[in-house]
Amino acid sequence: MSSSPPQQSRPPPPFAAAPPQNPTPAPAFPPSSAFSNLQISRGPAPPPGAPRSGLTPQAAPPAGFPSRPSSGMGIAAPPAVRPFPGSPPAPVPPFPRAQAASPPFGVPPAVAAAPAVAMQQPRPFGGPPPGIGGPPGAAPPFGGPPGSAAAAPFGGAPAPMSQPQQQPPQFGAPPPVAMMSQPPPQFGVPPGVGAQPAAPPQFGRPALSGPPAAAGIGSSQAMPPSFGSQQQQAPPTFGGPAPPQFGRPGAQPPFGAAQAAPMSQQAPFMGPLRGNAPAFGNAPWQTQGAGSGAMQPPMRMPGMPPNTLGQGMPPTTPTMPYSPHAGTQVSTPSKIDPNQIPRPMAETSVIIFETRQGGQAAIPPAASSEFIVKDTGNCSPRLMRCSVNQIPCTADLLTTSGMPLSLMVQPFSLPHPSEEPIQLVDFGDMGPIRCSRCKAYINPFMRFVDQGRHFICNLCGHSNDTPREYICNLGPDGRRRDADDRPELCRGTVEFVASKEFLVRDPMPAVYFFLIDVSMNAVQTGATAAACSAISQAISDLPEGPRTMVGIATYDSAIHFYSLKRAQQQPLMLIVPDVQDVYTPLQKDLILPVSECRENLEQLLESIPTMFENNRVADSAFGAATKAGFLAMKSTGGKLLVFQSVLPSLGVGSLSAREAEGRANISTSDKEPHKLLQPVDKTLKTMALEFAEYQVCVDVFLTTQSYVDIASISVVPNTTGGRVYYYYPFSARSDPAKLFNDLRWNISRPQGFEAVMRVRCSQGLQVQDYFGNFCKRVPTDIDLPSIDSDKTIMVTFKHDDKLQENSECGFQCALLYTNVYGQRRIRVMNLSLPCTNMLSNLFRYADLETQFACFLKQAGNGIPTSTLLHIREEVTNTCINILQSYRKYCASVTSSGQLILPEALKLLPLYTLALIKSVGLRNEGRLDDRSYWISLVSSISVSLAVPMVFPRLIPIHDLTSRGDDDSLIPSPLMLNSENTHEDGVYLLENGEDGLIYVGNVVDPTILQQMFGVSSLAALPSQVVLEQFDNELSRKVNEVINEIRRQRCSYLRLRICRRGEPSGDIFRSYLVEDKAPGGPSYVEFLVHVHRQIQSKLT
Amino acid sequence: MSEFLDLEVQDGIRMPWNVIPGTKQDATNCVVPVSAIYTPLKPNPAFPVLPYGPLRCRMCRSILNPFCVVDYVAKIWVCPFCFQRNHFPQHYSSISESNLPAELFPQYTTVEFMSTAETGPVAPPVFLFVVDTCMIEEEIGYLKSALAQAIELLPDQSLVGFITFGTYVQVHELGFGLLPKSYVFKGTKEVTKDQILEQMCFFAGKTKPTTGVIAGSRDGLSTESISRFLLPASDCEFVLNSIIEELQKDPWPVSADQRASRCTGTALSVAASLLGVCVPGSGARIMAFIGGPSTEGPGSIVSKSLSEPIRSHKDLDKGSAPLYNKAVKFYEEISKQLVHQGHVLDLFACALDQVGVAEMKVAVERTGGIVVLAESFGHSVFKESLQRIFQSSDNDLGLSFNGIFEINCSKDVKIQGVIGPCTSLEKKSPLSSDTVVGQGGTTAWKMCGLDRKTSICLVFDIAKKDGSDAISQSTSNQFYFQFLTYYQHHEGQMRLRATTLSRRWVAGSGGVQDLIDGFDQEAAAAVMARLVSFKMEAEADFDPVRWLDRALISLCSKFGDYQKETPSSFSLSPRLSIFPQFMFNLRRSQFVQVFNNSPDETAYFRMMLNRENVANAVVMIQPSLISYSFQSGPEPALLDVTAIAADRILLLDSYFTIVVFHGITIAQWRKAGYQDQQGHEAFTQLLQAPQEEADLIIKERFPVPRLVVCDQYGSQARFLLAKLNPSVTYNSDNPAPPGGDVIFTDDVSFQVFMDHLQRLAVQ
């Protein structure tokens, strides 16, 4: 990447040339424009140029391309290096060559190859690399449900992995590119346009320019026709099914590289796509960007590389008037063709992502897509990603954009199995090199000067003396000669061995303490037995070694400890009856190395359910038990896993049935219903803070059939770095498997203990706040008694000064922790992003999923302190403000009749709508469900944030009839009721729940095959999905296991049927539908547009 | 003298004044109060046990007795206390002069009633073991084996509970079959009975009654919930043995400069509450085995830091024992609770240092508990005493429970109180005096635990004023006393023992000789000892020596024969002759000279004094000394340093300690092994004789005394020397004879004491 000629990167402002071009096309297609109500502008200049590519490949590319490659558009540098040379050749060759070189189209081959690879590398959950010490590579953490097939449940077929190795460069080009590269022809030449290949028809589509106004009014009717033209295009792009040329996006990775010319042309188009939202297929409307072009001349230099950082992005705004007469038209949203509005597209191909290319930060692929990271200076986006990939220089700019500036940090996120493990650096007694002023750790962005004798901190700018032992000469490029040999100088993420100064005590052992509710209800519902059996099975998954310790206690109205240290004899049961002022009955012997007490523990777990079989104690002292468990492990810290089944009614931290009180007392429930979502008092919070201080992390498994006041309970896990698991209503039939798998994953996933985390950033910015599951004592650091691969921490920033436009803004997250083997480590993640003064860049480089995760967390955070109505308004307003800002400053179309969406954020309205309709924000629903949702959201990762509210709906009744070349999981359906038919069976999953919707007239043979029942009536609502000996059942299990692997979660499966409450639950997830609690997607768009309009005027 | 012993045999009672000074003034002049030492359960095969209930006076509730005047014709009896005329009921209709019920037989002044109809079913006794675990392993080992033995000896039907404690209190649930299970209570916090009820799941599955007293199976608790903790010994032997076997040192770490944290107070409180919950009102005893001072929670007597020594008498006097009063108060509360429930606290304190007997004394004494103080759980004093409690033999204790002691007396006599192991039930009546000594202000006392030897000291007040003789004189010059003791016999059934006495009284100056004739100087010494001990504890700034001296001088002035101002003319009647010697030794005894002992030891000695009969009390005050030599058979020797001779063996019995002291020559012979050689059988016998005598004493004494075998000039000889009259000291004019000994002391000898006494008495 050394070859990044900055000079070249300044192609003449494309804008100058552009204007003339577009205007013409616009008129040409007025009609079409009229139709599309919507336009999506792809962040970078969309398409105007694209079409031309065919015409002037040579001219344009050379200029723009070379310069861009380096830019972080996500286009792999490779193209710049290699392809380029090759590209000039001719537009034609690329094509054939592409086919030859890579089986882009021969998709099947690629796919076929993949499975083979997959076999060799079983990846539990995309298993952690060996270096991290994740769950033993061999065993997939989530075995299938007990009954189900043992066969590699998660050995999902990784995508074509083999490819990257073979053709890195090509691969670098993300699939989307490939996709586009082919299409040009078809695309470029819309049927209607036919003759005019040159014409930028596709892109230049309809300009709404003229029409808009006119069309807007009258044109609403006229749309159809115009649309028609589009539709012709559309199908191809959209429907995976159709045009072979398009092929399945996933398949064509190599392509892009091969075709220099097409690519360069396409780039503008694709680039953004790829960079910002690769996950989504291109929808036809994208082409309409041209329309805007008409108004906004500038954009597109054909050759203009999409990724040009810092380069003004063409204001291009594809746009689409949605209705001229907003006022009147809104009522007829049918004007918007529901099939044409932005929706996510499944993306299954694997991308190789180099975090920095040519000295600049590359734009990370979508969080939900599958990619392999090569750490070339910035950390993997899995570990840390920013809501915008260019940092606004000023606070004003950020405010204007309406977007958040925050980092999502997931320090233990599971890497792709093909990624290199994080490297370990040991500085010995000296400890890691740090800036003497801000204490930032050495990283690739620290600049060595003065023959290496000094280095300048990239965060605070302080000039430090290089320690003598660490001095190294600089090469001609100003880098240290040993930079590439030292991970800390060339990798975005490294781990340092903690030296003595980081140890206040010996690193703690891995301690697991189990607490089981044995009150009457818990025993009778089978929750106790389920917990015991889950623990018993999970013991073998505890980290090996003498430093792994376990302890166990049960509780009802008293707490029962067990001393297991009695080699030959039965455990000793010690009861702590005082639940107001708890204590541990013994100081030692309650927690022992697993190896010493395993048999005793297993026997005990077996006998606990019978021991309490006739327990008549209805009370359960959750708070006291937790406190007692804490006291037992106070000296070491560790994980406290609590299995609670009823509302804690006794002892310290006891709770009351506030839900019922709320209902009974209308005045409270009306005035301040959200009060019930706050913890009832500070008792548990105080306890939790104490737990955190002593490094005890609490995870709570709620196996309940009634209200348990999660709002209060969740404070404990949320403060101590744990989480709540919720099984409601608990079923002894279907839930034990999930309980076991959740527990197993909980203890076997990559994790660290007694952690402290701090994020530092360049001067000009400062950390505003941290959000997530942790305990904060000082403003700068957060304490994490435990941190694991599922937890994400959101860090928000604010400006305290201006940033320099041509500089980069650095972020460094340092996590000091103890791993499960008792080694103290510092994981340092660095991210350096360019700064910009251009608002359009912010939009172009916006990271939708990260931003959405941010909104989601903020909404969740706000629910307990505000009314739902207010939160929903806030969420909607955030969306509107962003779009309005874009509309106002980046897409100044004369007509206000268009709803213009920035490409990168085109799905924002859809996700916003989903959020509004989510469990957390909709009006109906149980308090506990909402509280659980809130607690879940607080630590949710970027990749799971969207599915959480915008689930995946897939048909599973026809799995057997799908083509062989299909990927394991069928493409998701749009979330509306038109897609669910009563003769089908559908799986809707959000990473947490799996709702299996069984239509009323499903073919009984499907039921027989899938569930082993002969009729709908015989189908129990609690389902244990077994694998039967037939193709369908096998496939269903495969699909579900693959989803489990992807989500790192063992979905809670439920059967839903029309006409039952379960059916209503299912329907409530169909966010595009109009529901009592919210508008349909189309209506919502109308609403958003109208709001923007009113703001603009 | 012997007549007093006969009286004791008959009724278990000894009184300093067997002829009673008849007026208040006379009684005051007599110095030694009108009082009695009564052994309620004194065994005597001659006592009849009547299988029916007693007949009571309608008016004063006293019981028909041999002193009642009976009108056989009218079938009427007259109560000697209140003169109420009572009709005999139907079932006494056949009464006649030749057909008397046993309780009217003149010789049956003491009878026992045992009516099963009245007392209901037999309740098994309950033993709740409370065991300290803060000890070195060795001690724990001793304790384990002692406990294991004790458990074997438990009567099968008796109920057993088990509590261990250290930093925490563990109540073992013996009835839980699956695992060894115990409830653990924090040592630093007192646990109330309500908390026990609630926290130990006595209401599991049931709702707790909102009102009313909840206790025992009769009042709201299911037998199952109780039988979790208290099981018949035969049912839980296995569990109990395994618990005992696994007893371990308290696991909480103790740093080297700290005392173990031991929550004796909390443990006892938990035990008391548990019994209160499970078996209120039925005979039960808490047997506490304690190996060190309480340092944790309420009732702790010293801080954990070893740099702070445990309080001494000096600290107590100066008020610099910060925890003392708090602890005493705490144990007082426990004693109230126990008394209310009718339960006993026994204390087995075995440690080299103090354990807090002084503080716990109140709880032990008021409940009539047993106390054993030894240096180690391995010591025979402890081991054999524990066995003695359960072992049935001729000398067994006959532990009885739940006693109530009531008194009736002629109306000119009032009762000031009782010094001894009991608690006032605060049953005020005209008979209770305004002046209170010991447990007073009542005519009824609770004796939660009592045995065959338990003796209480009753102190009376003569209320009759001079000149008001007219009425009583007319009837008789007899005072009557009736002592009623209801108790749960060690075999389980309830019994009532009634002892009725009559004593003549004399008034005015003419009665001096009568008084002297009726003076029991041993009983008087025992009473004075109890009184002085009581006053030392109860009265601030009390000077016991001065008080005793004054009492003795007054007594001698009143009853001695002398010419004024002529000391040499002084003489005492034989009835009084040894009394000054008793007083001399009492002044020197551990009861008065406390500074040689720790507060724990003093408390222990006093508790024993307060529960023993006159004979034993006298031994405590003035040890007996027997000399063995070739010249003569065993003969009593003067308790004087001159008794020591090189060729003698001395046997000293000071009650708590028995010393076998070999004169230097004897010791040398013994060391040379002559006793094992042919031809020296006489020497062997000489050596054995005191040993056998000692064994005999040990066998019938409880707690088992400590046996010290020592040689002249040996270090252990101090046990003997301390008790001897220092007639020869290091600065005496007359040196010790060869083979004799001197005592290094500045104490006055008996001779000097007597000289002073004579001089002062005649003034």
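From a predicted model like this one, the values you see are computed outputs, not experimental measurements.

Rules and cut-offs
- Residues numbered from 1 in each chain as written.
- Chains lettered and ligands numbered in written order.
- Predicted model: local features only at pLDDT ≥ 70, side-chain atom pairs only at ≥ 80, totals over all residues.
- Heavy atoms only, no water.
- Domains from an automatic or database assignment.
- Contact = heavy atoms within 4.5 Å.
- Buried area = accessible area lost by both parts, 1.4 Å probe.
- Salt bridge = Lys/Arg side-chain N within 4 Å of Asp/Glu carboxyl O.
- Helix = DSSP H or I, 4+ residues; strand = E, 2+ residues; numbered from the N terminus.
- Nonpolar A, V, L, I, M, F, W, Y, C, P; charged D, E, K, R; others polar.
- Pairing = 2+ DSSP bridges.
- pLDDT = per-residue confidence, 0-100.
- Buried < 20%, exposed > 50% of the residue type's maximum accessible area, 1.4 Å probe, protein only.
- Core = buried A, V, L, I, M, F, W, Y, C linked by side-chain atoms within 4.5 Å.
- UniProt positions renumbered as here; feature names shortened; annotations may be inferred.

A. Quick peek at the domain arrangement of chain A. Residues and elements named next belong to chain A. On domain assignment, one finds that chain A holds domain 1 (511-748), domain 2 (847-945 + 1073-1096) and domain 3 (951-1070). Look at where the C-alpha atoms of domain 2 and domain 3 centre, and you get two points 28 Å apart. Listed per partner, the contact involves 8 residues of domain 2 and 8 residues of domain 3. Taken together, both faces of the contact between domain 2 and domain 3 bury some 630 Å²; the carbon and sulfur share is 40%. There are 0 salt bridges connecting domain 2 and domain 3. Elements supplying a minimum of two residues to the side of domain 2 that touches domain 3: helix H36 (927-937) and helix H37 (942-949). Its residues assigned to classes, the side of domain 2 that touches domain 3 comprises 4 nonpolar, 1 polar and 3 charged.

B. The interface of chain A and chain B, seen in detail. Facing the 25 residues of chain A at the interface are 21 residues of chain B. When the buried surface of chain A facing chain B is broken down by residue, Ile575, Pro577 and Tyr583 of chain A rank first, second and third, together holding 24% of it. Salt-bridge contacts for lysine 189 of chain B lead to aspartate 578 of chain A; the nearest nitrogen and oxygen are separated by 2.7 Å. Elements represented by at least two residues in the side of chain A that touches chain B include exactly strand E18 (572-576) and helix H24 (594-611) of chain A. In terms of residue count, E18 of chain A provides more of the side of chain A that touches chain B than any other element does, 5 residues in total. Note that E18 of chain A and strand E12 (residues 181-186) of chain B share 3 bridges and pair parallel. Pairing of leucine 574 of chain A across the sheet is with serine 182 of chain B, part of E12 of chain B.

C. Looking closely at the confidence of the model for chain A. All names here are of chain A. Mean pLDDT over chain A works out to 74, with 67% of the residues at or above the 70 mark. In the predicted structure, residues 1-37 sits below a pLDDT of 50 and forms 100 contacts with residues beyond four places in sequence or in another chain. Across residues 42-334, confidence stays below pLDDT 50; counting only partners more than four residues off in sequence or on other chains, it has 745 contacts.

D. Structural context of the environment of threonine 264 of chain B. Residues and elements named next belong to chain B. Here threonine 264 shows up in helix H8 (residues 264-278). With a relative accessible area of 1%, threonine 264 lands in the buried category. Threonine 264 sits 33 residues away from glycine 297 along the chain, and the two C-alpha atoms are 8.1 Å apart. Non-local contacts of threonine 264, meaning those with residues more than four positions away in its chain, are made with Phe165, Ile290, Ser294, Tyr331 and Met360.

E. Layout of unusual backbone geometry. Omega for the bond connecting tyrosine 728 of chain A with proline 729 of chain A falls within 30 degrees of zero, at -10°, which places this linkage in the cis form. With a phi angle near 65°, valine 31 of chain B is a residue other than glycine that sits in the positive phi range. Judged by relative accessible area, valine 31 of chain B falls into the partly exposed class, the value being 25%. Backbone geometry at glutamate 426 of chain B places phi at a positive 60°, although glycine is not the residue there. Take glutamate 426 of chain B: it is sitting in the loop between strand E19 (423-424) and strand E20 (439-440).

F. Fine view of the nonpolar core. With 353 residues, the main nonpolar core has Ile559, Phe811 and Trp933 of chain A together with Leu458 and Phe460 of chain B as its most contacted residues. Counting residues per element, this core draws most heavily on helix H15 (residues 521-538) of chain B, which supplies 10 residues. Setting aside its immediate chain neighbours within four residues, phenylalanine 460 of chain B contacts Met15, Val34, Ser35, Ala36, Ile407, Val413, Lys414, Ile415, Gln416, Phe481 and Phe483 of chain B. Of all hydrophobic cores here, the second largest spans 37 residues; its members include Ala233, Ile244, Ile370 and Leu386 of chain B.

G. Fine view of the UniProt feature "domain: Gelsolin-like" (unreviewed entry) in chain B. Mapped onto the present numbering, the UniProt feature "domain: Gelsolin-like" (unreviewed entry) falls on residues 633-720 of chain B. The distance separating the terminal C-alpha atoms of residues 633-720 of chain B is 21 Å; by composition the span is 36% helix and 22% strand.

H. Representation of the sheet that holds strand E22 (residues 456-462) of chain B within the structure. Residues and elements named next belong to chain B. The 5 strands lie next to each other as E1-E3-E22-E18-E20, forming an open sheet whose pairing is antiparallel. Every interior strand has two partners, whereas the edge strands, strand E1 (13-14) and E20, have only one. Here strand E3 (residues 35-38) runs beside E22; their pairing, made up of 4 bridges, is antiparallel. Across the sheet, the residue bridging to alanine 36 is leucine 458, located in E22.

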